[in-house]
Amino acid sequence: MLTLNFQILLAALTNLLTEWYATMGKLQSKIQHDTSIYRTNGYVEARPAGRAVQEFSQAHTAAVTSVTVLDVDLCVSGGKDKTVVACNWRSGGVVKRFMGHEQEVTKVACVFESNQFFSASRDKSVMMWDINGSSQPTQRFPGHDLVVTGLAVSPDSLQLCTGSRDNTLCKWDIKTGECLQKASISRNLVTHLCWMPGEPYILQTSEDKTIRLWDTRGLQVAHSFPAKQHIQTHCDVSPDGHNCLSCSNGCEGDGCEATLWDLRQTRDRVQEFKGHIQAVASCIFLPRGPGVTSAIATSSHDSKVKVWNQDTGACLSTLSLDGSGPLASLSACDPSSVLCASFNSGIHLLRINNHKGLELQEVAKF
């Protein structure tokens, strides 16, 4: 009798488990194959609250350290896996992988709508690639003694400037690969470089807490902003060239801010943006568009992306990318789309919902 009762109970449990697995299988299949969120042209639409983020195969096998937009469809990124990858940011698909660096890629840079792009690495070198060429570099720029941490391309795509932890900046002829000029400042451990649109000037941030404006015609410092209290990690220049941004290292809310500066007459600090609780790794001006007039975005090691009102310093939106780890880099695709590189979960495609006061939404990652 005991054996019979046990067999009946076992059969009942088996039926319950079978029904449960069948239900879960249908649910997972529905989530994985729900393609209603895509338009036929490949755009990824913003999802209503509660909808799952579309996940694609990750472009890199390790942390993504830098990302930039190449054209209206493509982005390029570099990672700790030593590779540079071109992806279609609209569909999440990998277009091409580029191999050549011996250590992790620290920065990528390009001129928008150009076929060429550049990568810097811990192997002390910089390489140039062609999206229409092979997976091998088309030009190499060796010359630094330590990891290369700054990379900026002139708007005419003729010159390249690089910066390193060896305290030096180098200016290169892109066609020949020749180093045209080299400048060194003691303790100027470069963290980022940004070329001013339409001007022969470069903005540079440093571990010595200083933001410098370089005149590339003689590779000399044209202006130094008042030193901040923390290491300056990143910088960006507004499209009109009137303002620039820098952001700060820090922890537990000390530092961890972005700063807006005037590049015209006074070059004084205009506004500060405080709210992150760990180092701010990237800061960018957002393109102007419907509902977006003067806004900036920041990403931080606290796994958060924030959008700010450029004029008032008010935080307009905060998006937590839980599980992503430190957020290393931002790049704007268009007025409503932003890419964010992360250490743990690849590249995130974010959308700005202008109908809800510039609300940020994550719609895909790859």
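Since this is a predicted model, take the numbers as computed values, not measurements. (Residues numbered from 1 in each chain as written. Predicted model: local features only at pLDDT ≥ 70, side-chain atom pairs only at ≥ 80, totals over all residues. Heavy atoms only, no water.)

### Observations regarding the sheet that holds strand β6 (residues 105-110)
Whether parallel or antiparallel, the strands of a sheet pair through hydrogen bonds between backbone atoms.
Part 1 of the reasoning: Taken together, the four strands give an open sheet; going across it, the order is β6-β7-β8-β9, and neighbouring strands pair in antiparallel fashion. Lying at the two open borders of the sheet, with one neighbouring strand each, are β6 and β9 (139-142). Taking each pair of neighbouring strands and ignoring which way they run, the sheet shows an average axis angle of 20 degrees.
Part 2 of the reasoning: Two strands pair when backbone bridges link them, and β6 and strand β7 (residues 116-121) are joined in this way by five bridges, in the antiparallel orientation. Residue pairing for β7: Cys110 is matched across the bridge by Phe117. (Pairing = 2+ DSSP bridges. Helix = DSSP H or I, 4+ residues; strand = E, 2+ residues; numbered from the N terminus. Axes fitted to C-alpha atoms, helices over the stretch in contact; angles between N-to-C directions.)

### What about the packing of aromatic side chains?
Part 1 of the reasoning: The full count for this structure, using the stated rule, is six aromatic pairs.
Part 2 of the reasoning: Judged by centre distance (5.2 Å) and plane angle (80 degrees), the rings of Phe98 and Phe117 are edge-to-face. In this pair, Phe98 is assigned in strand β5 (residues 93-98) and Phe117 in strand β7, connecting sequence segments 19 residues apart. Summarising the burial analysis for this pair, Phe98 and Phe117 share the class buried.
Part 3 of the reasoning: Between Phe141 and Trp172 the ring centres are 5.6 Å apart and the planes differ by 70 degrees, which places this aromatic pair in the edge-to-face class. Here Phe141, found in strand β9, pairs with Trp172, found in strand β12 (residues 168-173); they are 31 residues apart in sequence, far enough to count as distant.
Part 4 of the reasoning: Residue classification places Phe141 among the buried residues on the basis of a relative accessible area of 1%. (Phe/Tyr/Trp six-rings, centres within 6.5 Å; stacked < 30°, edge-to-face > 60°. Buried < 20%, exposed > 50% of the residue type's maximum accessible area, 1.4 Å probe, protein only.)

### Focus: the confidence of the model for the protein
Part 1 of the reasoning: Taken over all residues, the pLDDT of the protein has a mean of 88, while the share at 70 or more is 85%.
Part 2 of the reasoning: Low confidence marks residues 1-10, where pLDDT is under 50. Its contacts with residues over four positions away, or in another chain, come to zero contacts.
Part 3 of the reasoning: For residues 16-49, every residue scores under 50 in pLDDT, and the model assigns this stretch 35 contacts once sequence neighbours within four places are set aside. (pLDDT = per-residue confidence, 0-100. Contact = heavy atoms within 4.5 Å.)

### Quick look at the side chain of Ser154
Part 1 of the reasoning: With respect to the element layout, Ser154 can be found in the loop between β10 (148-153) and β11 (159-164).
Part 2 of the reasoning: Separated by 3.2 Å, the side chain of Ser154 and the backbone nitrogen of Leu158 make a polar contact. (Polar contact = N/O pair within 3.5 Å; in protein donor to acceptor, adjacent residues only side chain to side chain.)

### What to know about the sheet that holds strand β29 (residues 337-342)
Part 1 of the reasoning: Here we have five strands laid out as an open sheet, ordered β1-β31-β30-β29-β28, and mixed in their pairing. Bordering the open sheet on either side are β1 (54-55) and β28 (327-334), each of which pairs with just one other strand.
Part 2 of the reasoning: The sheet contact formed by β29 and strand β30 (residues 347-353) spans five bridges and is antiparallel. Paired with Ala341 across the two strands is Ile347, which belongs to β30.

### Structural notes on unusual backbone geometry
Part 1 of the reasoning: The phi dihedral of Ser157 falls on the positive side, at around 60 degrees, and the residue is not glycine.
Part 2 of the reasoning: Mapped onto the elements, Ser157 comes out in the loop between β10 and β11.
Part 3 of the reasoning: According to the relative accessible area criterion, Ser157 is partly exposed, its value standing at 22%.
Part 4 of the reasoning: Within the chain, Leu219 stands out as a residue other than glycine whose phi angle is a positive 50 degrees.
Part 5 of the reasoning: Residue class for Leu219 comes out buried when judged on its relative accessible area of 5%.

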